[in-house]
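Fold and contact review
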Amino acid sequence: MTKPNNQNSPTNRWLRRLIGFCLYSVLLFALVLALDLYRNRLVPESLPVQQLLMDIQGKGHNVQSLSYEGPVLVYFWATWCPVCQLTSPVIDGFNDNYPVVSIALRSGDNKKLHHYMTAKDYHFPVINDQDGLLTEQWQVGVTPTIALVVNGQIVWVTSGVTTSLGLKARIWFYKHFN
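Let us look at the structure shown here. Because the structure is a prediction, the values reported are computed rather than measured.

Notes on the sheet that holds strand 4 (residues 100–105)
Reading across from one edge, 5-4-3-6-7 is the order of the five strands in this open sheet, with mixed pairing throughout. Here the strands that pair on one side only, and so sit at the sheet edges, are strand 5 (126–129) and strand 7 (153–159). Taking each pair of neighbouring strands and ignoring which way they run, the sheet shows an average axis angle of 20°. Of the strand pairs in this sheet, strand 4 and strand 5 are connected by four bridges, and their pairing is parallel. The partner of Ala104 across the bridge, within strand 5, is Asn128. Along the sheet, helix 4 (residues 110–120) makes contact with strand 3 (72–77), strand 4 and strand 5, crossing strand 5 at roughly 140°.

Examining the side chain of Ser88
Positionally, Ser88 belongs in helix 3 (residues 84–94). A residue is classified by how much of its surface remains accessible, and Ser88, at 0% relative accessible area, is buried. Ignoring any residue separated from it by four or fewer positions in sequence, one finds Ser88 in contact with Tyr75, Trp77, Tyr122 and Phe124.

Some words on helix 6 (residues 164–177)
Over its 14 residues, helix 6 extends 20 Å from the first C-alpha to the last, a length consistent with the 20 Å expected when each residue adds 1.5 Å. Where helix 6 is concerned, the buried positions are Gly166, Leu167, Arg170, Ile171 and Tyr174. Take helix 6 and look down its axis: the buried residues cluster within an arc of 135°, on one side only. Pointing more than 90 degrees away from the buried face of helix 6 are the exposed residues Leu165 and Phe177.

Structural notes on the environment of Thr158
Mapping Thr158 onto the fold places it in strand 7. For the pair formed by Thr158 and Arg170, sequence separation is 12 residues and the distance between their alpha carbons is 9.1 Å.

Definitions and limits used
Residues numbered from 1 in each chain as written. Predicted model: local features only at pLDDT ≥ 70, side-chain atom pairs only at ≥ 80, totals over all residues. Heavy atoms only, no water. Pairing = 2+ DSSP bridges. Helix = DSSP H or I, 4+ residues; strand = E, 2+ residues; numbered from the N terminus. Axes fitted to C-alpha atoms, helices over the stretch in contact; angles between N-to-C directions. Contact = heavy atoms within 4.5 Å. Buried < 20%, exposed > 50% of the residue type's maximum accessible area, 1.4 Å probe, protein only. Expected span 1.5 Å × (residues − 1). Arc of directions from axis to C-beta.

And the structure:
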């Protein structure tokens, strides 16, 4: 007599799917990490000239000074950027745990930006970069871009869609491997 084949049992199918999902997740994380590391080669090691950046509310932000108190997220985005529509809520959630300084690229005047922030119920500070000079100083070529700044140094940069888990993983990775 032959034994019944259990390869197609519900438990085995579920287990194979779980293993496939885990392998896919690890591969995806490794790919994203490799892309970030590649992009980081092009990022300046130090911040542009220390400056006080005024947000649309009139409050000053000094990224360098803030970065000596803990990690700072510098978020480059635009109101017209479709990917930023996905990333901005993630950044807004991080604003409770880490200082966030956002720089809105060519997104209109302060009144338009204030209206946009109110309509979306975002609470992170916004520096208006109407002419793109700040973005150029930081050598940012795509929105959204997120830079992690620690002790006056740009230590990590990522571009495109990111999740809360992805940002937490990057911060964790930096803290444990640098």
